[in-house]
Amino acid sequence: MTEQQQEHTPATAPVAPAPAAEAPPKNPLLRHADFIFPTADIDPKIDTRLLQQQGKVSLPGFRRGKVPVSVMRQRFGKDTLHEILQQECGVKFQEKLKEENERAAAQPELHLPDIATDGQYRVHCHYEIIPEIAAPDLSGKELKNPIFSVTDNVVDEMVEILRKQRGTYAVTEGAVEDNDYRLRVDFSSVLLEADGENKGNVVEEGKDKVIVLADKTLRPELKETLQGARVGDKRTAELPMPEGGDNPQMQGRVIAMELTVNSIEKLEKAELNEEFFGAFGDEEKTLEAFRKSVQEHLQRESKIRLRNFLHTRAMNLLIDATPEFALPQAMLINECHRLMHTAQAQWKERGSPETAAQLSLPMFYNDAERRVKLGLILSAWQQREKPEIGKEDIDARLQEIVSAYEDPAAMATQLRSNQNEMEAVYLSILEDRITDWVLANCTSSDEAEMTLSDFLNEQAT
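Here the structure is a predicted model, which means the values were calculated and not measured. (Residues numbered from 1 in each chain as written. Predicted model: local features only at pLDDT ≥ 70, side-chain atom pairs only at ≥ 80, totals over all residues. Heavy atoms only, no water.)

Caption draft 1: Structural view of the sheet that holds strand 3 (residues 120-128). The strand order across the open sheet built from three strands is 1-3-2, with neighbouring strands paired in antiparallel fashion. With partners counted over all chains shown, the strands left at the sheet margins are strand 1 (30-38) and strand 2 (109-111), one partner each. Ignoring which end each strand starts from, the neighbouring axes of this sheet average 20° apart. When strand 1 meets strand 3, the two strands line up antiparallel, connected through nine bridges. Each residue of the ladder has a partner; that of Asp34, found in strand 3, is His124. In the packing of helix 2 (residues 39-54) onto the sheet, contacts are made with strand 1 and strand 3, and the angle to strand 1 comes to roughly 75°. (Pairing = 2+ DSSP bridges. Helix = DSSP H or I, 4+ residues; strand = E, 2+ residues; numbered from the N terminus. Axes fitted to C-alpha atoms, helices over the stretch in contact; angles between N-to-C directions. Contact = heavy atoms within 4.5 Å.)

Spelled out as structure tokens, the structure:
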């Protein structure tokens, strides 16, 4: 405000306080440090590094290897200084972590000077540390053991499922009775108003769209609407849109999908014959041998899947039982990037680059947060308990993995030569150790036995 403006302001005019700036939440894991290096220690190293590179450098006006060090310092001195300071800071940084008895969550961010001040190079850095994580209290916690048995009835059900998978669709004039049907429909999807009124706001429409009722991704409201339908019928399915979706205009609204049934096909299961058995690699091509093969496959699969279900429940219990702690933001951001890049690559492989381009980091925050939190909890547990995993444990797990392959020995050799695969084997054994520890420190009980449908379709929770 100028002096002239102040003169014309009434003395009684109220003065509104300036709005207080909202301070960002303090990061309890953030640390700062200054590393100081005398020029007398660093400058000779710059000259030595430049001399080592002199024979490889050629600049306009100079022959290769004949560029004076003074010219090289002028052209490459700053980059060389930064390289040397980074190396020196690496040593100092490790010393500081050891002195403070801390672990860094990521590499420090360095602010490197271009010139010396008062005969010194001062490097400022900030970094995050791994938080201290208290041991989880599992007293009073309960863990349910998933139960699934491969009985004769389960084998019969699995055989029927395989017959459906190998089945074919045939046109029928009858009504839709269950999920063993495929329809072709014309459709128009209309976004209803908030009060449910239909003003004809079409969001999508199509002709002769194929709807497979057995598709697990199909909305249950649509499946229910099409039950009992015949060719020529017109049906309307109301599909509520979820809250928190990607499109704000659709959140919490309802889409009315108007359908006209053009044709109906019913699934005819494959016959149990030699051709069917042979398609699954059964050399004997008999029902008895095929059932035995199905039983063995289910037994192998159930051992792996039930263990994975139990692992997931144990990990969820660990997260719930561990006192809250701050998460390093650098680790969260890195994990968000990793998950997004993985999802982008998968969508591109499926031929949907447009979907890949629409992905953003916030979409992956919740998953990244859980992964980082669980990783830190397991790392802390491993430091406390120091589980022993020997060669015999790894060999046994490898044999279990390769037992289903045609040439187990060759597959085992292939896995051993792949470092990532061997790390995955080690982590699977470590998960067993952690799960055993959770079971030993909480109350466990068996849950009701799963049906085959639950076993094949349900996610571990």
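Caption draft 2: Up close: the environment of Gln107. Assignment of secondary structure puts Gln107 in the loop between helix 3 (69-100) and strand 2. Since its relative accessible area comes to 70%, Gln107 is described here as exposed. Taking the C-alpha atoms as reference points, Gln107 and Phe187, separated by 80 residues in sequence, lie 55 Å from one another. (Buried < 20%, exposed > 50% of the residue type's maximum accessible area, 1.4 Å probe, protein only.)

Caption draft 3: Structural context of a negative patch on the surface. Taken together, Glu283, Glu284, Glu288, Glu406 and Asp407 make up a surface patch of like negative charges. Tracing the sequence through the fold places Glu284 in the loop between helix 6 (274-279) and helix 7 (287-321). (Patch = residues over 30% accessible without salt bridge, like charges linked within 9 Å, V, L, I, M, F, W, Y side chains within 5 Å. Areas by Shrake-Rupley, 256 points an atom, 1.4 Å probe, with all protein chains shown as cover. Salt bridge = Lys/Arg side-chain N within 4 Å of Asp/Glu carboxyl O. Lys, Arg positive; Asp, Glu negative; His and termini not counted. Charge placed at Lys NZ, Arg CZ, Asp CG, Glu CD.)

Caption draft 4: Broad picture of the packing of aromatic side chains. Counted by the stated rule, this structure contains eight aromatic pairs. Summarising the aromatic geometry, the rings of Phe277 and Phe290 are spaced 5.3 Å apart at their centres and angled 40° between planes, so their arrangement reads as tilted. Taken together, the positions of Phe277 in helix 6 and Phe290 in helix 7 put the pair 13 residues apart, joining distant regions of the chain. Neither residue differs from the other here; Phe277 and Phe290 are each classed as buried. Clustering of aromatic rings is evident, with ring pairs tying together Phe276, Phe277, Phe280 and Phe290. Above the face of the Phe455 ring, Arg305 is positioned so that its terminal group lies 5.1 Å from the ring centre. Over the face of the ring belonging to Trp347 we find Arg350, whose NZ or CZ atom lies 4.8 Å from the ring centre. (Phe/Tyr/Trp six-rings, centres within 6.5 Å; stacked < 30°, edge-to-face > 60°. Lys NZ or Arg CZ within 6 Å of the ring centre and 35° of its normal.)

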